[in-house]
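# Chains, contacts and geometry: an overview
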Amino acid sequence: MPKLTIEQAHALPHPEVRQRLSTLEERLASKYGIEAKWVSDTHAEIKRTGASGSIRCAPDRVVVEIDLSFALSPVKSKVETRVREELARALTGSSDKTA
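Quick look at the structure, then. (Residues numbered from 1 in each chain as written. Predicted model: local features only at pLDDT ≥ 70, side-chain atom pairs only at ≥ 80, totals over all residues. Heavy atoms only, no water.)

### What to know about the pattern of salt bridges
Rules: Whenever Lys or Arg places a side-chain nitrogen within 4 Å of a carboxyl oxygen from Asp or Glu, that contact is recorded as a salt bridge. Numbering goes from the N terminus for both helices and strands, where a helix is a DSSP run of H or I of at least four residues and a strand is a run of E of at least two. Note on exposure labels: buried denotes an accessible area under 20% of the residue type's maximum, exposed denotes more than 50%, and partly exposed covers the range between, all computed with a 1.4 Å probe on protein chains only.
Applying the stated criterion to the full structure yields 8 salt bridges. The partner of glutamate 7 in a salt bridge is arginine 61, and the shortest N-O contact between them spans 3.3 Å. Linking glutamate 7 in strand S1 (residues 3-9) with arginine 61 in strand S5 (residues 61-68), this pair joins segments that are 54 residues apart in sequence. For glutamate 7, a relative accessible area of 45% translates into the label partly exposed. Take arginine 61: its relative accessible area is 32%, and that puts it in the partly exposed class. In this structure, the salt-bridge partner of arginine 27 is glutamate 86, at a minimum N-O distance of 2.8 Å. Within this pair, whereas arginine 27 is found in helix H1 (residues 14-32), its partner glutamate 86 is found in helix H2 (residues 76-92), the two being separated by 59 residues in sequence. Assigned by exposure class, arginine 27 and glutamate 86 land together as buried. One network of salt bridges, with partners in common, ties together Arg27, Lys31, Glu86 and Arg89.

Structural data, given as structure tokens:
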């Protein structure tokens, strides 16, 4: 299975990171059907049809790892670009939802 690893640096306190990720999760759930379940304060498991992975929060960055099914292999670069954009917007942009 194709695997994506996307890292986004940040300079935010942990509670702010979690708040912004929660907002992002809601948006991605409604747009793409992605479900996230936090299994600890710094680790979430994500899934949807054809993809699964995790989100890990560190003091200075967030790491998203996604395993894509072979059916989604042809759109790997598009998925990677979209996740990078959404994560960057969530963690480096304003906390307003403008998407």
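Next, the rest of the story.
### Remarks on the pairing of S5
As a reminder, the rule being used: In this description, strands pair whenever DSSP reports at least two bridges between them.
Note: S1 against S5, 7 bridges, orientation antiparallel. Across the sheet, residue glutamine 8 finds its bridge partner in S5, namely valine 62. Bridging between strand S4 (residues 51-57) and S5 involves 7 bridges; their strand directions are antiparallel. Looking at S5, one finds that serine 54 is bridged to glutamate 65. Hairpin connection, S4 to S5: the antiparallel pair is bridged by 3 residues.

### Considerations on the packing of aromatic side chains
Filter applied, for reference: Note on ring pairs: Phe, Tyr and Trp rings are taken, using the six-membered ring of Trp, and paired if centres are within 6.5 Å. Classes follow the plane angle, with under 30 degrees stacked, over 60 edge-to-face and the rest tilted. Placement of a charge over a ring requires the Lys NZ or Arg CZ to be within 6 Å of the ring centre, with the centre-to-atom vector within 35 degrees of the ring normal.
Scanning the model with the defined rule gives 0 aromatic pairs in all. The lysine or arginine in question, arginine 18, covers the ring of tryptophan 38, its NZ or CZ lying 3.8 Å from the ring centre.

### As for the side chain of arginine 27
Heads up, the condition is: Distance and chemistry together define a polar contact, namely a pair of N or O atoms within 3.5 Å, with one atom able to donate a hydrogen and the other to accept it when in protein, and with adjacent residues in sequence counting only for side-chain atoms on both sides.
For arginine 27, a relative accessible area of 15% gives the class buried. Here the side chain of arginine 27 touches glutamate 86 through a polar contact of 2.8 Å, side chain to side chain.

### Topic: the nonpolar core
Note that soluble globular proteins tend to have their nonpolar side chains buried in a common cluster. Stated precisely, the cut-off is as follows: The definition of a nonpolar core used throughout is a set of buried Ala, Val, Leu, Ile, Met, Phe, Trp, Tyr and Cys residues joined through side-chain atoms within 4.5 Å. Whether two residues are in contact is decided by their heavy atoms: any pair within 4.5 Å suffices.
Formed by 19 residues in total, the largest nonpolar core has its most connected members in Leu21, Ile55, Val62, Val64, Ile66 and Leu87. In contact with isoleucine 66, not counting residues within four places along its chain, are Pro2, Lys3, Leu4, Ile46, Ala51, Ser52, Gly53 and Val83.

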